[in-house]
Each structure stands twice: as structure tokens, then as C-alpha cells.
Amino acid sequence: MPGRRLTRADRQQIAAGLAQRLSYADIARRLNRPASTVGREVARNGGPARYRAELAQLATTHRAQRRPRPPAPVQRTIEHLGPDPDATAAFVTDLTSALVATGLPRTAARVMACLFASETGSRTAIEMAQHLHVSAATISHAVRLLEGQDLIRRGRDDRGRRHRYFLDDKAGLRTVAASVAANQRLADTALRGAELFGAGTAAGYRLALAGRFLERLGDDLIRSAEEHWRDVVGDKGDESTRCASTSTKNSSNSPAPSSA
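**Quick word on the sheet that holds strand S3 (residues 163–167)**
Read from one edge to the other, the open sheet built from three strands follows the order S1-S3-S2, with strand pairing classed as antiparallel. A strand with exactly one partner marks an edge of an open sheet, and here the two such strands are strand S1 (122–124) and strand S2 (152–156). Neighbour-to-neighbour, the strand axes of this sheet turn through a mean angle of 30°, independent of strand direction. Of the pairings in the sheet, the one linking S1 to S3 comprises three bridges and is antiparallel in character. Of the residues in S3, the one forming a bridge with Ser122 is Phe166. Contacts from helix H7 (residues 106–116) reach S1, S2 and S3, with the element oriented near 80° to S3. Seen against the sheet, helix H8 (residues 125–132) touches S1 and S3 and runs at an angle of roughly 95° to S1.

Next comes the structure, spelled out in C-alpha cells:
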């Protein structure tokens, strides 16, 4: 029945369907489930290329046994207005998978999702370690990476001497900018390869084609991001969009080869 939880046999059918390159809709029809159920199951367990039925079953069992609990009474008071803990945990898992798909390492993505789901938009390293069930050293490594990309900022905890990490208000825009910058680096590398192999070779043609496409795509993405950000926040977003645009353009300064 559509309302019941996915079983081990269901997950084996999903894995078999992915191996046969079936669509989520086709797999869902076999299971008599909504296609969105199959999509969420695959996304939260590694994606189509990495989905394994047994690992997905183990992960689900582990999540069911690990009920999220507020790390301190003050956190319970602040966040009681949100959804119930099970719904919050499911959302954080989905958001983590979406952030990983943008290129963030998994632990850094979990930290970002944890901050997004916090009512205050901030947590101490200890609070995040308790929520994510990882060591403080793991959190420290993740926040250094996120600080380096300007996705979070560090401040002092008013209730003590510990550092508190805050989600940057422009995190959405900066995530897009970081993704575009990575795309532009790939475009630059492909265009340099096209010059190395020569436009008259098959390898050079392939690299030039891919490089020019990725370069134009990156320009379109950052231009669209700037326009949408201004629509959302108004004139006060101009400075941040200019910074985002400059950072991505600076990462792409190699001349494009001539068309093959």
C-alpha cells in the first residue's frame, strides 16, 4: 500500500530498477508508490549511481534508532515553534543531499543543513556535534571549509566563551557563486586542453566544445543569480552580487581557442 514504509524488498526492487536504467516513475509503478517517494529514497541514499539496497536499509534502521534530541534546555525553548523532531530530521537529511549535489563535502553540507534548520541560524560547535553525532574535530574541519567560502561566520556565544557559528544571510547566493566558480575552473581547464591538443584534432574539438559551453553556462548562471537576488533583497544586494560576480570571473581568465 502507498502509505506503508519502504521494506528491504522494496529497496531491492528500486536498486534493480536503477540498474535497468528505469525512470523513477517506472520503478514507482512497480512498487505501487508515488514517484516522489522513490526519488527521495534514492536522493538520501547516494543518488542513482551509488544507491545500494542493503546500505539504504541499514541507514534507514540507523536513523529510526537515532531520534534527534535538543542538546540543551535552551535549545528546546528556542526551537519548539518548528516542526516535530522526526520531520525536522527528515528535512535536514534531504537538504544535506541537495547541498552535497552542489559539490559540498558531506560533513560540511550537514553543518549547513543543521544551521538552516535552526531557529536562530546559529549553533556552537558542541551543539552541532551533538545534533550530527560526530566529533568536535570533524565539526572544526567542516566549519573551516565553510568559513573559507564565506558561507558561515564566527562570533562569540553570549552565554559563554565558546565560538558560535552563524549562517550567512547571503548563503544562498554564495552557494551559487561557489558552484559557478567551480564550473568556470572546469571550463578553463577544458579550453587549455583544447589549445594543447590543437583545434584540428578530435580531442581538441571535444575539449573546445565542452569548454565554450561551460563558460557560457557559467556566465548565464551568475547573471541570473544577480538578477534574482536583486529581485528578492532589492538594492542592498548589489554589493554582494558584484562580489560574487567578480570572484567567478577572476577564476576564468584563459583565452578561448578558435572554433574548430
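**With respect to the pattern of salt bridges**
Considering all chains together, one arrives at seven salt bridges under this definition. With a closest N to O distance of 2.8 Å, Glu41 and Arg11 form a salt bridge. Within this pair, whereas Glu41 is found in helix H3 (residues 35–43), its partner Arg11 is found in helix H1 (residues 8–19), the two being separated by 30 residues in sequence. Assessed through its relative accessible area of 2%, Glu41 is described here as buried.

**Let's talk about a nonpolar patch on the surface**
Taken together, the side chains of Phe213, Leu217 and Leu221 define a hydrophobic patch exposed on the protein surface, amounting to about 280 Å² of accessible area. Examined against the element boundaries, Phe213 turns out to sit in helix H11 (residues 202–233). Residue classification places Phe213 among the exposed residues on the basis of a relative accessible area of 54%.

**Some words on the nonpolar core**
Within the largest apolar cluster, 22 residues are counted, with the highest numbers of intra-cluster contacts made by Leu104, Val111, Met112, Met128, Leu146 and Ile152. Taken together, the elements giving at least two residues each to this core come down to helix H6 (85–101), H7, H8, helix H9 (136–148) and S3. In terms of residue count, H7 provides more of this core than any other element does, seven residues in total. Those residues in contact with Met128, other than ones at most four positions away along the chain, are Val111, Cys114, Leu115, Arg123, Ile139, Val143 and Tyr165. Formed by ten residues, the second largest nonpolar core is a distinct cluster that contains Leu6, Ile14, Ala28 and Tyr51.

**Thoughts on the environment of Phe91**
By the secondary structure assignment, Phe91 is in helix H6. Take Phe91: its relative accessible area is 45%, and that puts it in the partly exposed class. Along the primary structure Phe91 and Cys114 are separated by 23 residues, whereas in three dimensions their C-alpha atoms are 9.9 Å apart.

Here is what the cut-offs are and how they apply
Residue positions are given per chain, counted from 1 along the sequence in the order it is written. The predicted nature of this model means local features are confined to residues of pLDDT at least 70 and side-chain atom pairs, given and counted, to a pLDDT of 80 or more, with totals for whole chains, interfaces and linings taken over all residues. For the side-chain quantities, the full set of heavy atoms in the structure was used; hydrogens and water were omitted. In short, DSSP must find at least two bridges between two strands for them to pair. To qualify as a helix, a DSSP run of H or I must reach at least 4 residues; to qualify as a strand, a run of E must reach at least 2; elements of each kind are numbered from the N terminus. To get an axis, a line is fitted to the C-alpha atoms, and for a helix only the part in contact is used. The angle between two axes follows their N-to-C directions and goes from 0 to 180 degrees. Working rule for contacts: check all heavy atoms of both residues, and any pair within 4.5 Å makes them a contact. Put simply, a salt bridge is a Lys or Arg side-chain nitrogen that is within 4 Å of an Asp or Glu carboxyl oxygen. Categorising residues by exposure relies on relative accessible area from a 1.4 Å probe, with only protein chains included: less than 20% of the type maximum marks a residue as buried, more than 50% marks it as exposed, and the intermediate range marks it as partly exposed. The residues that make up patches have over 30% relative accessible area and no salt bridge, and they are joined within 9 Å when like-charged or within 5 Å when they are Val, Leu, Ile, Met, Phe, Trp or Tyr. Accessible areas in this description were obtained via Shrake-Rupley with a 1.4 Å probe; residue shielding takes into account the shown protein chains only. We call a set of buried residues a nonpolar core when its members are Ala, Val, Leu, Ile, Met, Phe, Trp, Tyr or Cys and they connect through side-chain atoms within 4.5 Å of each other.

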